[in-house]
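Given next are the chains, with one letter for each unit.
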Amino acid sequence: AAAACGGGPGRRDGQGSLLVASVQQWSTPGSTSAALAQRPPVGGAVLCESAPRSGLSYGTCKLRDGRLLAYHVEGSGVPVIVFHGMGSSRLTWLGKEPLSELCPGVQLVAIDRPGYGGSSPPPLGYSYSDFARDVAELADHLKLPRFCVAGHSSGGPYALAAAALLPGRVAACAAISSDAPYSHPAVPPELREADDFNQPAVLSDSGLYGQEPRAFAEGMRRSALEKGGPAKAHAWKGGVDGWLLDFMLERLPWSFRLESITLGPRLSIWVGSEDIEAIKIGTPFMQSLVSGSQVRVVQGGNHGFKSDPKHLAAILTELSQHW
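Residues numbered from 1 in each chain as written. Predicted model: local features only at pLDDT ≥ 70, side-chain atom pairs only at ≥ 80, totals over all residues. Heavy atoms only, no water.

J.: Quick one: what's the story with helix α8 (residues 241-251), residue by residue and with numbers?
T.: For α8, the tally of buried residues reaches nine of eleven residues, placing the bulk of the element in the interior. Restricting attention to buried positions, one finds in α8 the residues G242, W243, L244, L245, D246, F247, L249, E250 and R251. (Buried < 20%, exposed > 50% of the residue type's maximum accessible area, 1.4 Å probe, protein only. Helix = DSSP H or I, 4+ residues; strand = E, 2+ residues; numbered from the N terminus.)

Put into structure tokens, the structure is as follows:
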């Protein structure tokens, strides 16, 4: 298993700059439901309908309102429920190396968030708080009284919501290259300015001020389905509702307070030194809102560093050590 992460929480110097310890150099040792099965796979998404290796199981949880939440489970040990980023799916957590070899002693439960992959679209008015209740239902379904959570990118706020709203059940949380609350009352102006989606469409290809978000998302969907990459094709096969939900929830006032999280050092906020600018700015801001939380900086890491097996092993190992 990977070594535990070194360094303490970040702090500010007299000029307000964030001082954080660098992450060590990690070393690692060497039944789909009928409802889901009826959905035709798109492109590479066929991989999600049958287990590519032993030790991997698939299922769906029927929630109280009738929606389906699709998931897969890999490994055994400390349960960690993980949430993918915007425009992605649970398949992003499947590496080439079996989890039992990469990080023994951990059971990974990866879900398709509402509107993505094999999960039902979110209902009108859905919020981060609603998602936390869905996670609690899934954990009940899997008979998990306690668990850890981790979320990457746009999945980060969903993990933080679970940590805030399920304090008796969430043992530890990792927010990995996570978006910050862009509409928080105390948000730094430079964070909002760094949000690419908040820029005018006439000045930036990714700027959404002045263009229809659904049309933008449909373009991303067409591109992903044409390329046929399994994780992305699976993500978009049901439409764009999941992407639109992420886009809106991140930029509206969040339905929970980050300040209410009581995990202390059992919350780690991970960021790559070469990450997206908004993520780098948002990381110390989020840490300042959660007393005792820790920042982990991956030197040389970009926005996708968690897909590197050694970094994923480090994240999961640290979570398991808080169990």
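J.: Quick rundown of the layout of surface pockets? Include the residues and the values.
T.: Looking at the largest pocket, its volume works out to about 650 Å³. Around the largest pocket, the lining is made up of 30 residues, and of these M86, S153, K232, I276 and H303 lie nearest the centre. Broken down by element, the residue count for the lining of the largest pocket peaks at four residues, all from helix α6 (residues 213-227). For the lining of the largest pocket, the residue count by class is ten nonpolar, twelve polar and eight charged. (1 Å grid on protein atoms, 1.4 Å probe; cavity = no way out; pocket = protein on both sides within 12 Å on 5 of 7 lines; lining within 4 Å. Points joined across faces, edges and corners; volume = space filled by probe spheres on them. Nonpolar A, V, L, I, M, F, W, Y, C, P; charged D, E, K, R; others polar.)

J.: Give a detailed account of the sheet that holds strand β7 (residues 147-152), specifying residues and quantitative values.
T.: One open sheet accounts for eight strands, arranged β3-β4-β6-β5-β7-β8-β9-β10; its pairing is mixed. A single partner strand is all that each edge strand has here, and the edge strands are β3 (56-62) and β10 (294-298). The mean angle between the axes of side-by-side strands here comes to 25°, regardless of whether they run parallel or antiparallel. Sheet topology places strand β4 (residues 68-75) next to strand β6 (residues 105-111); five bridges connect them, and they run antiparallel. Its bridge partner being in β6, Y71 is matched across the sheet by I111. The strands that helix α9 (residues 277-289) touches are β9 (267-272) and β10; relative to β9, the one it contacts most, it runs at about 160°. Helix-sheet contacts for helix α10 (residues 309-321) involve β5 (77-83), β6, β7, β8 (170-176), β9 and β10, and the interaxial angle to β8 is about 155°. (Pairing = 2+ DSSP bridges. Axes fitted to C-alpha atoms, helices over the stretch in contact; angles between N-to-C directions. Contact = heavy atoms within 4.5 Å.)

J.: Before we move on, could you go through the packing of helix α3 (residues 128-141) against helix α4 (residues 156-165) and cite the residues and values that matter?
T.: Viewed as axis vectors pointing N to C, α3 and α4 meet at an angle of 70°, and their least axial separation amounts to 9 Å. Accordingly, the angle class assigned to the pair α3 and α4 is roughly perpendicular. Taken together, the residues of α4 that come into contact with α3 (itself represented by Y128, S129, F131 and A132) are P157, Y158, A161, A162 and L165. Looking at the contact of α3 with α4 residue by residue, the class counts come to eight nonpolar, one polar and no charged. (Parallel < 35°, antiparallel > 145°, perpendicular 65-115°, else oblique.)

J.: Lay out the nonpolar core in plain terms, naming residues and giving numbers.
T.: If you look at the biggest cluster of nonpolar residues, it comprises 50 residues, and the most contacted ones within it are F83, F147, V149, L160, L258 and I261. In terms of residue count, α4 provides more of this core than any other element does, seven residues in total. The contacts of F83, once residues within four sequence positions are left out, are W93, I111, R113, F131, V135, V149, A150, G151, H152, G155, Y158 and A159. If you look at the next biggest cluster of nonpolar residues, it comprises 25 residues, including V82, C103, A172 and W270. (Core = buried A, V, L, I, M, F, W, Y, C linked by side-chain atoms within 4.5 Å.)

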